[in-house]
Amino acid sequence: MANLRFQVVEEAFQKKPLDVKAPSERPYEYFGKKVFNREKMYKYLPKDVYEKMIDVIDNGARLDRKVADAVAAGMIQWAKENGVTHYTHWFQPLTEGTAEKHDSFIEHDGKGGMVEEFSGKLLVQQEPDASSFPSGGIRATFEARGYSAWDPTSPVFIIDDTLCIPTIFISYTGEALDYKAPLLRALHAVNVAATDVCHYFDPTVKKVTSNLGWEQEYFLVDEGLYSARPDLLLTGRTLMGHDSAKNQQMDDHYFGSIPERVAAFMRDLEMQALELGIPCKTRHNEVAPNQFEVAPIFEETNLAVDHNMLLMSLMKRVARKHGFRALLHEKPFDGINGSGKHNNWSLSTDNGVLLHAPGKTPEANLRFVTFIVETLMGVYKHNGLLKASIMSATNAHRLGANEAPPAIISSFLGKQLTELLDHIELADKDDLFTMAGKQGMKLDIPEIPELLIDNTDRNRTSPFAFTGNRFEFRAVGSEANCASAMIALNAAVAEALVNFKKRVDALIEKGEDKTSAIVEVLREDIKTCKPIRFDGNGYSDEWIEEATKRGLDVEKSCPKIFERYLDKASIEMFEKLGVMSKKELEARNEVKWETYTKKIQIEARVLGDLSMNHIIPVATQYQSKLLDNVQNMRAIFPVDKADKLSARNIKIIEEIAERTSTIEKGVEELVNARKVANKIADEHEKAIAYHDTIEPKMDTIRYQIDKLELIVDDTCWPLPKYRELLFIR
Ligand code: ADP
Ligand code: MG
């Protein structure tokens, strides 16, 4: 058989960019075209129903059956006008990605015919056969009933002929089996806690919203090349592959002009995303060859999470249409930058104040400092948990590699904010503010002009960096559901704000002035959370040492990092805030450990298979050719001369023999280690065994294969090489 690799390389070179037809309308005109948003609600719902829905969305009012029926009626009318025949409850199970089960609208009309129907009941609740979604044992398989319930705060949208209804997914006994349910609870908790704290500064604040703006990084690989790499196909990353002679050292890809085929893909993706109401704004090349980024304008966190999930699936679809595969894996290529998903996060009030942005008056600045410091308090106290929230078998390859945030959570504040906090901490309290008679409080809190804030000295190595009017949680993985990080972060900050308020109130009760009480507690907290602040180089070995001294979590093993979810402090926080119960946390950890094990297990199998069926046979074939050559030399020349002439070949023959035998031995050990690990019943222990005994063996095998790639005849090598995967587009 002809070498598939060369066939797909040839085909890839011939592919032309698709002609993407731009709609005749301007983007603002087709934005949200496929979304049942407020504008559509206004048009398709009776006025009283519309008002009730707005109350449900904005203020969390209860949705009664009658209203649901009326909403469903308006919705189906709109849907039919858009050629929709089916509907689905769209939810986010604990596996990656989203799940959907499509039903059509048709029902018997009782007279032998069919009608199309969609009631409020179907809109609001469904019972998908959920037995095969991971539940960590909460819902035994015989009792397969989990149900999905509409989340009216995230609008319904259309994909092809299907009406997609964002829902939460919970077990029959009420435990969350998804990401959305706990996310909504965490957002509620931070809203309540932050609103309370806002009242010190502005009693009219009614609501605090958590904002999320994600930046999604990804790779594109030609689909033909992709399909010739069983490892990419089955695990999402290359399990072998020697560095390309050129990779990203020239930095010529970053922000460079976008290759044509990719540009067509991006245009297509962006148009479809806008129709779905995803406010895509930025697209560009990333650091690594064939790596790109897309980012929308930030939105309310729950909606932003849904939009990210939707965009990831859209991306995969659109990529295929353009002859690409989108790789969302955090580390598809060894030695090349991985992909992250920076989560830009902030809090803002219903009357338009960005709580993480510096203010113009001393009072506004005190509020700013309050939210900064209490954010840091939450991140400090739960730094281990936050790391757990972004950790996965796949992201583990990216973190701590020298181009991604290190596997230690710390926060970069920049020079100006650091100076401000130092000033508040160290200044004499009497100097900090004086009671200025009638004018009331005079605070000596220097103003930070927003534009000047450290936009330039961005610390790339910081996992949680302050960037002017928000924090950027950079440790989040490209493949992850942002909800995981957002649940932990919003809950941690909610808890810190609750504690803050308790202490300030206690001082006020004792007769202390409000501002003075706030400053006093802040000064204490600035000291307490200092260990989380780090503006230095997160890649250095000294940082690991220093972070250990500071008591930060420096654990590197993924399954052990998950343990942080079950720390006393984590359980207490989640339970107190009503975000998750201990039972839910335990169940979810079972799922995390199991998923981890399965991923490594699949990788190990694929690596074993590729080693034995692709690499060793090809290397041996090449070795035989060389042996023939050596024999032939001996047939014509005297032995001495022949051997001298064949010296290089003999060396390679030996090297191949040694390397293939090491690989074979490695694969055997890998299989045996798996057998041992598979006998462990406890998911936690099993995951640790996979991490400790199986992963390192895979590295050894890969090392040998990559060396073979360098010596085996290029024309025999079966797998597309890094240079092909990374530079053809
Ligand atoms: P970068 O320079 O890091 O690439 P961008 O300006 O592209 O940053 O913004 C990244 C994301 O941050 C965008 O989604 C943007 O809307 C979002 N963002 C900007 N300000 C805020 C904020 N205050 N809160 C949350 N997200 C924000
Ligand atoms: Mg950014």
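Reading the values: the criteria
- Residues numbered from 1 in each chain as written.
- Chains lettered and ligands numbered in written order.
- Predicted model: local features only at pLDDT ≥ 70, side-chain atom pairs only at ≥ 80, totals over all residues.
- UniProt positions renumbered as here; feature names shortened; annotations may be inferred.
- Helix = DSSP H or I, 4+ residues; strand = E, 2+ residues; numbered from the N terminus.
- Rg over C-alpha atoms; globule rule 2.2 N^0.38 Å.
- Buried ≥ 20, exposed ≤ 12 C-beta atoms within 10 Å, placed from the backbone.
- Domains from an automatic or database assignment.
- Contact = placed C-beta atoms within 7 Å.
- Nonpolar A, V, L, I, M, F, W, Y, C, P; charged D, E, K, R; others polar.
- Axes fitted to C-alpha atoms, helices over the stretch in contact; angles between N-to-C directions.
- Parallel < 35°, antiparallel > 145°, perpendicular 65-115°, else oblique.
- Left-handed = near helix turned anticlockwise from the far one by under 90°.
- Core = buried A, V, L, I, M, F, W, Y, C linked by C-beta atoms within 7 Å.

Looking up the chain in an unreviewed UniProt entry gives the name Glutamine synthetase III, with the organism given as Xylanibacter brevis. Taken from UniProt, the Sequence similarities (unreviewed entry) comment for the chain reads in full: "Belongs to the glutamine synthetase family."

Draft legend 1. Region of the structure containing the overall build of the chain. Check the secondary structure of the chain and you find 25 helices and 19 strands. Relative to the compact-globule value of 27 Å for 729 residues, the chain shows a C-alpha radius of gyration of 29 Å, a close match. Seen along its three principal axes, the alpha-carbon backbone of the chain occupies a region of about 110 × 80 × 55 Å. Across the 729 residues of the chain, 49% fall into the buried class.

Draft legend 2. Layout of the domain arrangement of the chain. Split into domains, the chain comes out as domain 1 (31-178), domain 2 (187-580) and domain 3 (595-727). With 16 residues of domain 1 in contact, the opposing surface of domain 2 contributes 13 residues. Considered class by class, the residues forming the side of domain 1 that touches domain 2 number six nonpolar, seven polar and three charged.

Draft legend 3. A look at the packing of helix α14 (residues 414-426) against helix α17 (residues 514-528). For the pair α14 and α17, interaxial distance at closest approach is 9 Å and the crossing angle is 120 degrees. Judged by the angle between their axes, α14 and α17 are oblique. Both α14 and α17 take part in a crossing whose hand is left-handed. Packed against α14, whose contacting residues are L421, I424 and E425, the element α17 presents L522, R523, I526 and K527 at the interface.

Draft legend 4. Inspection of the nonpolar core at higher detail. The biggest cluster of nonpolar side chains holds 200 residues, and the ones touching the most others in it are M486 and A491. The leading source of residues in this core is helix α16 (residues 482-509), at 16 residues. Those residues in contact with M486 that lie beyond four places of it in its chain are L183, A186, L212, T301, V305 and N343.

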